[in-house]
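Residue-level structural notes
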Amino acid sequence: MELIKPDIGLLFWMIVSFSILLYVLIKFAWKPILNALKDRERSISKSLLAAQRAKDEMAKIEFGNEKITQLAKIEKQNILKEAKELKNKIIEEARENAKLEAKKIVEEARQSVEHEKNQAINEIKNQIAALSVDIAEKIIKQKLGKESKQKELIDDLVKDIDLN
Amino acid sequence: MYKILLNISFVLAILILSQENIFANEITEEKDPEHTQSNGEEHKDEGFNPGDFIFDHIRDNYNWHLFSYKGHHVAIPLPVILYSKTQGIVSFWSNKLDHNHTYKGFIIAQEGDYEDKIIEVDSHGEFIARPFNISITKNVTAILFSCFFLIYIFVSVANSYKKRKGLPPKGLQSLLEPVILFIRDDVAKSSIGEKHYEKYTPFLLTIFFFILLNNLLGLVPLFPGGANVTGNITVTMALALFTFFITTITGNKTYWGHIFNTPGVPWWLKLPVPLIPFIELFGVLIKPFVLMVRLFANISAGHIIVLGFFSLIFIFGNMSSGLGLAVSPVSILFTIFMSILELLVAFIQAYVFTILSAIYFGMASEEDH
């Protein structure tokens, strides 16, 4: 029966020593330990959060970079396209200009040729006229060399004249 | 690996010491029957009495019996402190009362209501009264030892936390930190709730480590261990009283409201005859009582079974020595098995006591919802 009969003396010592144990452990052991654990947990969670934030930031930056690269690529393509267009336009224009110029030159050449030709024709005409006159003169000179002949002619002419 | 070694050393220690005691007792019986007679505290009957043997090992004692050698009991005397109405405060060493001696009118009763307790007798040996006894008994010594041990361990751990601020735990600190975190997170936080657990955690840690240490020390038969502290109903009663008082003192309005005016119960169960309040109030008292009995019964039962297996050897040995020898390997195997089981029980019971206390605190601090 003694086994299940509480003993006052032991109860007294147990309560006294356990109270002291509680007090000492709470004050000198559990408080510092639990506080240290809490601090550490707090700092760990803080660092984890910071790491996460840094990671997000990195991702953002990376994303930004990608976007910028993308934009740059598009820009490059645009520029290239524009340049190509410009080139084509310039070439086209040049070709057009060259054509016009060529036409103009040909026209000019043609006009000048025409002009030269006209001039040449005129000159030939003049020369022919001069030659004709010379020939006529020589012929006339020959025909009218003798007096009789001059008379004959005058007679002819006189005959033709009508005095009325 | 280390744990297994520890287990084995526990078991070996149990084997060695228990056997030594038993052998010594047997020799006493054979060689010195008169002495046995006079030392009735040890042996009343002829032959081996397993009941007395087991009971002797699990009860509290005025001295700390270490071992017996050739009929001589080697024990550490402990201070006896008494207060009697006739003599006032009396104090002396417990070895004065050895071998049924009377000292200053005090003697250890051999029979009657106060068997194995110190009583005051007159010059004719007649019973006068039982003095108020606050002796430093074996269990008190063991409690004091474990208190100093716990203080030493945890204050040094706390110091290493202070010294190694922001660094990972090391050594003893890293051994105990998971346990502390387990009690804080899985016992206190989960049973009491995020809001109030911090108030109770130090107490829960203290009872957990106190019970665990004493459970383990109870398994070690060598000197600082071997006292049956957590298998003593007075000790478990004190622990349960602490839980009870903390629950009662910190109980809030909702807690008392649930007891005296239980919500969700028809009024006629409360008003003319306060049936439900009575049951609830009874429950409040039952809770610490259950805590007390569970720890006491579990630890005592384990010790009784282990000692029972050893007794088998000597029960059979008394019939014939050959039979005793034949039984001993079986007994030892069973004892090893039981000791390993006890090791498990040591942790489980410390955990159960702590988590039940935490659940009661959780009830006491629960808010209305």
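Values in this document were obtained by computation on a predicted structure and should not be read as measured data.

Moving on, we get to the overall build of chain B. A tally of helices and strands in chain B yields 10 helices and 8 strands. For chain B, the residues scored as buried account for 48% of the 369 residues in total. Pairs at least 24 apart in sequence give 63% of the contacts found in chain B among residues at least 6 apart.

In terms of regular secondary structure, chain A is built from 2 helices and 0 strands. Along the longest, intermediate and shortest principal axes, the C-alpha atoms of chain A span 205 × 30 × 25 Å. Here chain A holds 164 residues, and 13% of them are scored as buried. Accessible surface computed for chain A: about 14100 Å², of which carbon and sulfur atoms make up 61%.

So, about the packing of aromatic side chains. Applying the stated criterion across every chain, the model contains 20 aromatic pairs over all chains. Pairing Phe18(A) with Phe210(B) gives two aromatic rings, centres 5.1 Å apart and planes at 75°, and the pair type is edge-to-face. Here the residue Phe18(A) occupies a position in helix α1 (residues 8-143), and Phe210(B) occupies one in helix α6 (residues 197-219), the pair thus bridging two chains. Measuring from centroid to centroid gives 6.2 Å for Phe278(B) and Phe282(B), while their planes differ by 20°, and the two rings are stacked. Here Phe282(B) and Phe278(B) lie together in helix α9 (residues 275-319), a separation of 4 residues that amounts to about one turn. Owing to a relative accessible area of 49%, Phe282(B) belongs among the partly exposed residues under this scheme. Counting every residue linked through ring pairs, the aromatic cluster contains Trp30(A), Phe154(B), Phe208(B) and Phe209(B).

Before going further, it helps to examine the domain arrangement of chain B. It is common to give the size of an interface as the accessible area lost on bringing the parts into contact. All names here are of chain B. Annotation of chain B at the domain level lists domain 1 (62-136) and domain 2 (138-365). For domain 1 versus domain 2, the separation of C-alpha centres amounts to 31 Å. Listed by partner, the interface residues are 7 residues for domain 1 and 8 residues for domain 2. If you look at where domain 1 meets domain 2, you find 0 salt bridges. Applying the counting criterion to the domain 1 and domain 2 interface returns 0 residue pairs in polar contact (both at pLDDT 80 or more).

Using the criterion set out here, one finds 5 cavities of 30 Å³ or more in the structure. Considering only enclosed or pocket space, the largest cavity measures out at about 220 Å³ in volume. Glu2(A), Asp7(A), Asp60(B), Lys117(B) and Asn232(B) are, among the 18 residues lining the largest cavity, the residues nearest its centre. When the residues that make up the lining of the largest cavity are grouped by side-chain class, the tally is 5 nonpolar, 6 polar and 7 charged. Counted as a void, the second largest cavity has a volume near 90 Å³. In terms of lining residues, the second largest cavity is bounded by Ala240(B), Thr243(B), Phe244(B), Thr247(B), Thr248(B), Tyr255(B), Val284(B), Lys287(B), Pro288(B), Leu291(B), Tyr360(B) and Met363(B). Of all the secondary-structure elements, those providing two or more residues to the lining of the second largest cavity are α7 (233-250), α9 and α10 (321-365) of chain B. Among the elements that make up the lining of the second largest cavity, the one with the highest residue count is α7(B) (5 residues).

Taken together, the contacts link 53 residues of chain B with 33 residues of chain A. For the chain B and chain A pair, buried surface summed over both sides reaches about 3900 Å², with 78% attributable to carbon and sulfur atoms. Put simply, chain B and chain A have 5 salt bridges between them. A salt bridge links Asp7(A) to Lys117(B); the shortest N-O distance between them is 3.1 Å. Taken together, the connections running from chain B to chain A amount to 9 residue pairs in polar contact (both at pLDDT 80 or more). Mapped onto the side of chain B that touches chain A, the elements with two or more residues apiece are α3 (50-58), β8 (132-133), α4 (138-163), α5 (172-192), α6 and α7 of chain B. Take the side of chain B that touches chain A: its biggest share by element is 13 residues, from α4(B). Its residues assigned to classes, the side of chain B that touches chain A shows 34 nonpolar, 8 polar and 11 charged.

What counts as what
- Residues numbered from 1 in each chain as written.
- Chains lettered and ligands numbered in written order.
- Predicted model: local features only at pLDDT ≥ 70, side-chain atom pairs only at ≥ 80, totals over all residues.
- Heavy atoms only, no water.
- Helix = DSSP H or I, 4+ residues; strand = E, 2+ residues; numbered from the N terminus.
- Buried < 20%, exposed > 50% of the residue type's maximum accessible area, 1.4 Å probe, protein only.
- Contact = heavy atoms within 4.5 Å.
- Areas by Shrake-Rupley, 256 points an atom, 1.4 Å probe, with all protein chains shown as cover.
- Phe/Tyr/Trp six-rings, centres within 6.5 Å; stacked < 30°, edge-to-face > 60°.
- Domains from an automatic or database assignment.
- Salt bridge = Lys/Arg side-chain N within 4 Å of Asp/Glu carboxyl O.
- Polar contact = N/O pair within 3.5 Å; in protein donor to acceptor, adjacent residues only side chain to side chain.
- 1 Å grid on protein atoms, 1.4 Å probe; cavity = no way out; pocket = protein on both sides within 12 Å on 5 of 7 lines; lining within 4 Å.
- Points joined across faces, edges and corners; volume = space filled by probe spheres on them.
- Nonpolar A, V, L, I, M, F, W, Y, C, P; charged D, E, K, R; others polar.
- Buried area = accessible area lost by both parts, 1.4 Å probe.

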